[in-house]
Amino acid sequence: MATTPFEVCVKASYTVPNKLGDCPFTQRVLLTLEEKHLPYDMKFIDLKDKPEWFLKISPEGKVPLIKFDEEWVADSDVITQSLEEKFPVPPLVTPPEKASVGSKIFSSFIGFLKSKDPADGTEQALLSELSAFNDYLKENGPFINGKEVSAADLALGPKLYHLEIALGHYKKWSVPDSLPEVKSYMKTIFSKDSFINTRALTEDVVEGWRSKVEG
Ligand SMILES: N[C@@H](CCC(=O)N[C@@H](CS)C(=O)NCC(=O)O)C(=O)O
């Protein structure tokens, strides 16, 4: 068990100084640290005005970044896999055959969010991904790997949180009652302590998607 907190560069809030912002990839890393009971210190990065020191350690200028053995490591895929290798207990491994469950939901959400034409099929595309996920959860749930939360849930949960807030705000849309397994999955993930400790403010999620919707 590491006792020195991990340093993590995270997106800063747009609305409140020194507060965690609205990056689902950052939240995925923080959720992994929380679920593994590993301490961390957040360094808040203003992505609209990136400090020089951050650009030096982040070649792509992206968050999240974590410091492992004096070296900064980028990308939530790489970081969460390393955390699993370094700290295998409690295990969060999702079996490879289940790892991509729900993985098209985020891109179809963005397609629908950006769409200006209600008849272009983007809402239907999202509904079809959510419906497939609903069927999967009914058979295999409550989590992607069954009884216990695993890495795939920690990647998907923050994306569903963005979906709920952004579509609610910009499209007055919510997951339909005909998909009860998805609704209860979201409720369960969103109410975990690890999620509450690492979630973005609603205002930041709304602000974060504004340029995609209005741009
Ligand atoms: N593949 C990366 C994606 C990370 C990413 O796209 N982060 C966004 C914030 S959510 C970012 O830092 N964007 C740079 C910018 O906005 O300038 C990961 O999984 O960590």
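This one's a predicted model, so the numbers in the text were calculated from it and none came from an experiment. (Residues numbered from 1 in each chain as written. Predicted model: local features only at pLDDT ≥ 70, side-chain atom pairs only at ≥ 80, totals over all residues.)

A. The pairing of strand 1 (residues 6-11), seen in detail. Summarising the sheet, strand 1 and strand 2 (residues 40-45) pair through six bridges and their orientation is parallel. The partner of Val10 across the bridge, within strand 2, is Phe44. Since strand 1 and strand 2 lie parallel, the crossover through helix 1 (residues 24-35) that links them has a hand, and here it is right-handed. Of the strand pairs in this sheet, strand 1 and strand 3 (residues 65-68) are connected by two bridges, and their pairing is antiparallel. Its bridge partner being in strand 3, Cys9 is matched across the sheet by Leu65. (Pairing = 2+ DSSP bridges. Helix = DSSP H or I, 4+ residues; strand = E, 2+ residues; numbered from the N terminus. Right-handed = clockwise from strand over helix to strand, strands pointing away.)

B. Here's a closer look at the environment of Ser174. Assignment of secondary structure puts Ser174 in the loop between helix 6 (151-171) and helix 7 (180-190). Since 11 C-beta atoms lie within 10 Å of it, Ser174 is described here as exposed. Taking C-alpha positions, Ser174 is 34 Å from Lys50, a pair spaced 124 residues apart along the chain. (Buried ≥ 20, exposed ≤ 12 C-beta atoms within 10 Å, placed from the backbone.)

C. Structural context of the site of the ligand. Around the ligand sit Lys11, Cys23, Phe25, Leu47, Gly61, Lys62, Val63, Pro64, Asp75, Ser76 and Asp77, and those are all the residues in its vicinity. Looking at side-chain class alone, the shell around the ligand contains five nonpolar, two polar and four charged residues. (Near = placed C-beta within 6 Å. Nonpolar A, V, L, I, M, F, W, Y, C, P; charged D, E, K, R; others polar.)

D. Quick look at the UniProt feature "domain: GST N-terminal" (unreviewed entry) in the protein chain. The sites that carry the UniProt feature "domain: GST N-terminal" (unreviewed entry) are, in the present numbering, residues 13-91. The span residues 13-91 is 37% helical and 18% strand by assignment, and the distance between its end C-alpha atoms comes to 31 Å. (UniProt positions renumbered as here; feature names shortened; annotations may be inferred.)

E. Region of interest: the nonpolar core. Grouped together as the largest cluster of nonpolar side chains are 48 residues, with contacts concentrated most on Val8, Val10 and Ala166. Take this core: its biggest share by element is ten residues, from helix 6. Mapped onto the domain boundaries, this core takes at least three residues apiece from domain 1 (6-86) and domain 2 (96-214). Those residues in contact with Ala166 that lie beyond four places of it in its chain are Leu113, Val205, Val206 and Trp209. (Core = buried A, V, L, I, M, F, W, Y, C linked by C-beta atoms within 7 Å. Domains from an automatic or database assignment. Contact = placed C-beta atoms within 7 Å.)

F. Up close: unusual backbone geometry. Cis peptide bonds are those with omega within 30 degrees of zero, and the linkage from Val89 to Pro90 qualifies with -10°. Position of Pro90 among the secondary structure elements: in the loop between helix 3 (76-86) and helix 4 (105-114). With an omega of 5°, the peptide bond running from Gly141 to Pro142 counts as cis. Tracing the chain through its elements places Pro142 in the loop between helix 5 (122-140) and helix 6. The backbone of Asn18 sits at a positive phi, close to 55°, despite the residue not being glycine. With respect to the helices and strands, Asn18 occurs in the loop between strand 1 and helix 1. Overall, Asn18 belongs to the exposed group, with 8 C-beta atoms counted inside 10 Å. In this structure, Glu70 is a non-glycine residue whose phi angle is positive, near 70°.

G. Examining the UniProt feature "domain: GST C-terminal" (unreviewed entry) in the protein chain more closely. As recorded in UniProt, the sites labelled "domain: GST C-terminal" (unreviewed entry) are residues 69-208. For residues 69-208, the helix share is 61%, the strand share is 3%, and the end-to-end C-alpha distance is 32 Å.

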